[in-house]
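Summary of the model geometry
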Amino acid sequence: MTALPSRALISRSAFEHNLGVVRAKTDSKIMAIIKADGYGHGAVRIAQWAWEDGVEWLGLAQLSEGVWLRRQHPHGRVFSWIYSPGTDFVTPIELGMDISIGADWAIDEIAAAAREVGQPVRVHIKVDTGMARGGFDLDRLPEVLPRFKALADEGIFELVGLWSHLACGDMPSTSNYTEVQVAKFEQARMAVRDAGITVQLHHLAASSGVMWHPQTHYDMVRPGIMLYGLSPNPAEAYAHELGLRAVMQVEADLILARDVPAGTGVTYGHTYVTDKPTRLAVVPVGYADGIIRSSSNKATVTHRGRRAPIRGVVCMDQFVIEAPGAQAGDTVVLFGDANDGHETAERWAEIAGSIDFEIVCKIGERIPRISVD
Ligand SMILES: *Cc1c(COP(=O)(O)O)cnc(C)c1O
């Protein structure tokens, strides 16, 4: 099919299935989160699929990412929330983007840019309900909201949304903190209303909220990880238990296979020594491609329908597996969907002491993404 020695297959049918899971959980509008190049799946591709499936809203964390995407995907709405003082706000305003504001300096700079453009900027007011990351504290709202109101009355701001983000939504069985955040979000809603401001879209929930906290759905939900077929928290439930299907399957073609005797040390430091005559094979991707090095001697790949363990440490461009019967040119699957019998990104995360988000995000650019079905 291709001469490349490795690839990440990106399944449209799996994505559409997962979108169906979101829709079965909520009637709210959906903002598909495609930050970090669509969690490594290719933001433009995912944006297109989402749009064709009726998703109007896209979210990309960095404003510059949002601008980049907006230029290639001139449909629907694009929302971003990370930028620094001195950012060019003129371009995103001209492009009609939706921008979060959660800091005083941002009110000033974005209002100035909107004046310059001569066109109102679409604003979502961000409140901090418990992340201690971005957003206005509740006790500052009485002072800040009149500024938003004045700029809206002046035609500089179009106030579209009020939003916040959950800190512990992915821990439904061990934390009640989401209730605290919902209560604070309700206070913020009241403060906005009392300030004479009307916004159409209140949004609070990411995947964990979609999955586990219906009271957080409000007017719009912002799923990311579940659209890619991975669990918000595998310690609560694996993706296949949540009815999700992995969108990404990472494969590579073996470049070498050979038999070695018992007592053979494998790769740097000989952290693995064969205890019997062993068939070893070489997989041509490594930690430079995001194959996390702490999976050394722990993770397995699928070879001819069987699990083949990593032997020795993962190197920069390659690693070694034990795979009886392996031949150069055989394809192995590093991770994919559990229902297909593959290791999952979730399991790699557990093994490597990471989270599934990081496993897929870090799959490097040298591994080409290929859309399938
Ligand atoms: C990343 C992110 C999301 C999506 O989170 P998932 O857990 O991947 O669903 C939603 N909202 C904000 C603000 C985010 O940063």
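Procedures and definitions
Residues numbered from 1 in each chain as written. Predicted model: local features only at pLDDT ≥ 70, side-chain atom pairs only at ≥ 80, totals over all residues. Heavy atoms only, no water. Pairing = 2+ DSSP bridges. Helix = DSSP H or I, 4+ residues; strand = E, 2+ residues; numbered from the N terminus. Axes fitted to C-alpha atoms, helices over the stretch in contact; angles between N-to-C directions. Contact = heavy atoms within 4.5 Å. Parallel < 35°, antiparallel > 145°, perpendicular 65-115°, else oblique. Left-handed = near helix turned anticlockwise from the far one by under 90°. Nonpolar A, V, L, I, M, F, W, Y, C, P; charged D, E, K, R; others polar. Buried < 20%, exposed > 50% of the residue type's maximum accessible area, 1.4 Å probe, protein only. Domains from an automatic or database assignment. Buried area = accessible area lost by both parts, 1.4 Å probe. Salt bridge = Lys/Arg side-chain N within 4 Å of Asp/Glu carboxyl O.

1. Section: the sheet that holds strand S19 (residues 369-372)
Pairing is mixed in the open sheet, where nine strands are placed in the order S11-S14-S17-S16-S15-S18-S10-S1-S19. One side of each edge strand has no neighbouring strand; the edge strands of this open sheet are strand S11 (256-260) and S19. Between one strand axis and the next, the sheet turns through 35 degrees on average, direction left out of account. Two strands pair when backbone bridges link them, and S11 and strand S14 (residues 278-283) are joined in this way by five bridges, in the antiparallel orientation. Bridging from a neighbouring strand, Arg258 pairs with Leu280 of S14. Contacts between helix H1 (residues 12-25) and the sheet are confined to strand S1 (6-11) and S19, with S1 contributing the most and set at about 40 degrees to the helix.

2. Notes on the packing of helix H3 (residues 43-52) against helix H4 (residues 63-72)
It is at 10 Å that the axes of H3 and H4 come closest, and there the two elements cross at 60 degrees. Here H4 runs oblique to H3, going by the angle between their axes. When the axes of H3 and H4 are compared, the crossing they make is right-handed. Residue-level inspection shows Ala43, Val44 and Ala47 of H3 in contact with H4, the latter providing Trp68, Leu69 and Gln72. Taken together, the residues of the contact of H3 with H4 sort by class into five nonpolar, one polar and no charged.

3. Overview of the environment of Ala61
For Ala61, the location among the structural elements is in the loop between strand S3 (57-59) and H4. In this structure Ala61 comes out as buried when scored by relative accessible area, which is 9%. As for Ala61 and Ile34, which are separated by 27 residues in sequence, their C-alpha atoms are 8.3 Å apart. Those residues in contact with Ala61 that sit more than four places away from it in its chain are Lys35, Ser80, Trp81 and Ile82.

4. Some details on the domain arrangement of the protein
Looking at the protein, the domain boundaries give domain 1 (12-235) and domain 2 (248-371). The gap between the C-alpha centroids of domain 1 and domain 2 is 37 Å. Contact with domain 1, which involves eleven residues of that partner, is made by eleven residues of domain 2. At the boundary of domain 1 with domain 2, total buried surface from both sides reaches about 1000 Å², with 62% on carbon and sulfur atoms. Connecting domain 1 to domain 2 are zero salt bridges. For the side of domain 1 that touches domain 2, the elements supplying multiple residues, two or more each, are helix H2 (35-39) and H3. Partitioning the side of domain 1 that touches domain 2 into residue classes produces seven nonpolar, three polar and one charged.

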